[in-house]
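Analysis of the macromolecular model
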Amino acid sequence: MSTTKLLLATALVSLMYGTAEAKVKFDYSLVFVPEEGGVKFEKITEDADVVADYNGGIVGKAVGIFGSGKTSVIDWWVIPQIAISPDGTKVAYINEKNKTTNVMVKNSSKGGASTQRTFRTNVEGVSWSSDGNTLCFTEVRSGHHGVYLVAADQGTVVTQVSNGTDNDFGGVISNDGNTIYFHRGEGMASYSLWSYDRQSNLFSNYSRGMTACLIPGSRNTIYCARFTDRKESEIWRVNFETGVEEVILTQPGKSFTTPQLSPDGQWLLVTGSSVSEKEGIQNTDIFAVRTDGTRLTQLTYHPGNDLSAVWSPDGRSIYFLSQRGSVDKKYNVWKMDFSL
């Protein structure tokens, strides 16, 4: 495996599957499938916005990406690909154009132009600060993944958080704006949770995990995803102060990543592995689960990939990436109702 492929693998999650091909040809231009009946879907971006799929690699199959030359797997990017402004009026997403990827910001209602917010070469993910002033993004530079900051509305000055020699992903900013949490790749399928204190300039290491999901009002507890020894991913809640670590969501033969806490603190959105029963297509879907691990509910069933879901500020809607509604399987940002 090349160095580039090896680095890319550290931002992916893998699940073992069989090699059976799809049983039924599916029309991806359909916006919804019967299992999603009654749910309102709204397309936010258009194909002209060129939402990044990293040359088809945002979700895909590979062989041996985690060391086994005999395993067929489906992989997906676990770091958040979209973010919603705290007031709910704007959505940030990753655009792919002229062999570069950058953060774009667009009105969260359908229609309107996008504004470019980074002018880099290889941006991979984005999150929004709770005060609405800052975008935190992941980028590859000089062969290393790092975490960076840029103003959300104007200006192009970029602040580097990572030291440039490690591989850091998925930065999220604490409510007070001082601490940035991220995960660091330390080998194939090996990640640890870190933070950077902007006042003291100190880095701290906590425990195993990736894609930190912060809990408002709690400085010491987060949700995260963790790999098992089967190379599947689970959702955990970790208390750094007490050392208590609880598995929230696990299911043999499946993986769940990228937890996002609802505004009322009752639900987690996650991306999960799936196989459409009728078509036999291996893909990713959006799931919701109570923070106590109960009421796991699959929200999307489209054979196209659905992933990287985030909440609207009022908790009544979900924004996510999806191939639905595109005969060419192009990704766009979509919005759906949430009413569990």
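Residues numbered from 1 in each chain as written. Predicted model: local features only at pLDDT ≥ 70, side-chain atom pairs only at ≥ 80, totals over all residues. Heavy atoms only, no water.

1. Remarks on the overall build of the chain
Which entries qualify depends on this criterion: Labels follow the DSSP assignment, with helices taken as runs of H or I lasting at least four residues and strands as runs of E lasting at least two, numbered in each case from the N terminus. A simple rule labels every residue: compare its accessible area, found with a 1.4 Å probe on the protein chains alone, to the largest value its type can have, and call it buried under 20%, exposed over 50%, or partly exposed in between. The contact rule is simple, with two residues in contact once any of their heavy atoms fall within 4.5 Å. In short, Shrake-Rupley with a 1.4 Å probe defines the accessible areas, and a residue's cover is counted only from the protein chains shown.
In terms of regular secondary structure, the chain is built from one helix and 27 strands. Buried residues in the chain amount to 55% of all 340 residues. Contacts in the chain between residues far apart in sequence, at least 24 positions, make up 46% of those at least 6 positions apart. When the accessible surface of the chain is split by element, carbon and sulfur atoms take 47% of a total near 14,700 Å².

2. Regarding the sheet that holds strand β15 (residues 191–197)
We count it as follows: Any two strands are treated as partners once DSSP identifies two or more bridges connecting them. Lines fitted to C-alpha atoms define the axes here, with helix axes fitted over just the stretch in contact, and angles between the N-to-C directions of these axes take values from 0 to 180 degrees.
Here four strands make up an open sheet; going across it, the order is β13-β14-β15-β16 and the pairing antiparallel. Pairing within the sheet leaves two strands with one partner each, and these edge strands are β13 (168–173) and β16 (203–208). Between one strand axis and the next, the sheet turns by 25° as a mean value, whatever way the strands run. The pairing of β15 with β16 spans four bridges and is antiparallel. The residue of β16 that forms the bridge with Tyr196 is Phe203.

3. Remarks on the pattern of salt bridges
Rules: Counted as salt bridges are all cases of a side-chain nitrogen of Lys or Arg within 4 Å of a carboxyl oxygen of Asp or Glu.
Under the counting rule described, the total for this entry stands at 14 salt bridges. In this structure, Asp306 engages Arg324 in a salt bridge whose closest nitrogen and oxygen atoms are separated by 2.8 Å. Of the two residues, Asp306 is situated in strand β25 (residues 306–311) and Arg324 in the loop between β26 (317–322) and β27 (332–337); the sequence distance between them amounts to 18 residues. For Asp306, a relative accessible area of 0% translates into the label buried. Taking relative accessible area as the criterion, Arg324 reaches 0% and is therefore assigned buried. Among the ionic contacts, a cluster of salt bridges with common partners joins Glu36, Asp306 and Arg324.

4. What about the nonpolar core?
Put simply, the rule is: Only buried Ala, Val, Leu, Ile, Met, Phe, Trp, Tyr and Cys residues count toward a nonpolar core, and they belong to the same one when joined by side-chain atoms within 4.5 Å.
Counting residues in each nonpolar core, the largest one holds 52 residues, and the members touching the most others are Ile58, Ala92, Val103, Leu135, Ile235, Leu321 and Val333. Counting residues per element, this core draws most heavily on strand β6 (residues 90–97), which supplies four residues. Each residue touching Ile235, except ones within four places of it in the same chain, is listed here: Cys224, Ala225, Glu246, Val247, Ile248, Leu249, Phe256, Thr257, Pro259, Leu268 and Val270. Phe41, Trp267, Ala288 and Ile318 belong to the second-largest nonpolar core, a separate cluster that totals 13 residues.

5. What about the environment of Gly209?
In this structure, Gly209 sits in the loop between β16 and β17 (210–215). In this structure Gly209 comes out as buried when scored by relative accessible area, which is 4%. Every residue in contact with Gly209, bar those within four places of it in the chain, is listed here: His183, Tyr191, Ser192, Leu193, Cys224, Ala225 and Arg226.

6. Thoughts on the environment of Thr291
Note that Thr291 resides in the loop between β23 (282–290) and β24 (297–298). Look at Thr291 and you get buried, because its relative accessible area is 14%. In this structure the C-alpha to C-alpha distance between Thr291 and Tyr223, which are 68 residues apart in sequence, comes to 9.3 Å. What Thr291 contacts, discounting residues up to four positions off in sequence, is Tyr223, Arg237, Ile248, Leu261, Gly265, Gln266, Trp267 and Leu268.

7. Thoughts on the pairing of β17
Within β17, five of the six residues are buried, which leaves it mostly tucked inside the rest of the structure. By the bridge criterion, four bridges tie β17 to strand β18 (residues 218–227) in an arrangement that is antiparallel. Residue pairing in the sheet places Met210 in a bridge with Ala225 of β18.

8. Side note on the state of the cysteines
As a reminder, the rule being used: Pairs of cysteine sulfur atoms within 2.5 Å are what we label disulfides.
Per the stated rule, a full pass over the model turns up zero disulfides. The thiol of Cys224 is unpaired, and the distance to the nearest cysteine sulfur, on Cys213, comes to 9.6 Å. According to the relative accessible area criterion, Cys224 is buried, its value standing at 0%.

9. Description of the sheet that holds β18
The antiparallel open sheet is built from four strands, whose spatial order is β17-β18-β19-β20. Edge positions in the sheet fall to β17 and β20 (245–249), since each of these pairs with one other strand and no more. Taken pair by pair, the neighbouring strands of this sheet meet at an average axis angle of 30°, ignoring direction.

10. Some thoughts on the environment of Gly293
With respect to the element layout, Gly293 can be found in the loop between β23 and β24. As a C-alpha pair, Gly293 and Trp267 span 26 residues in sequence and 9.2 Å in three-dimensional space.

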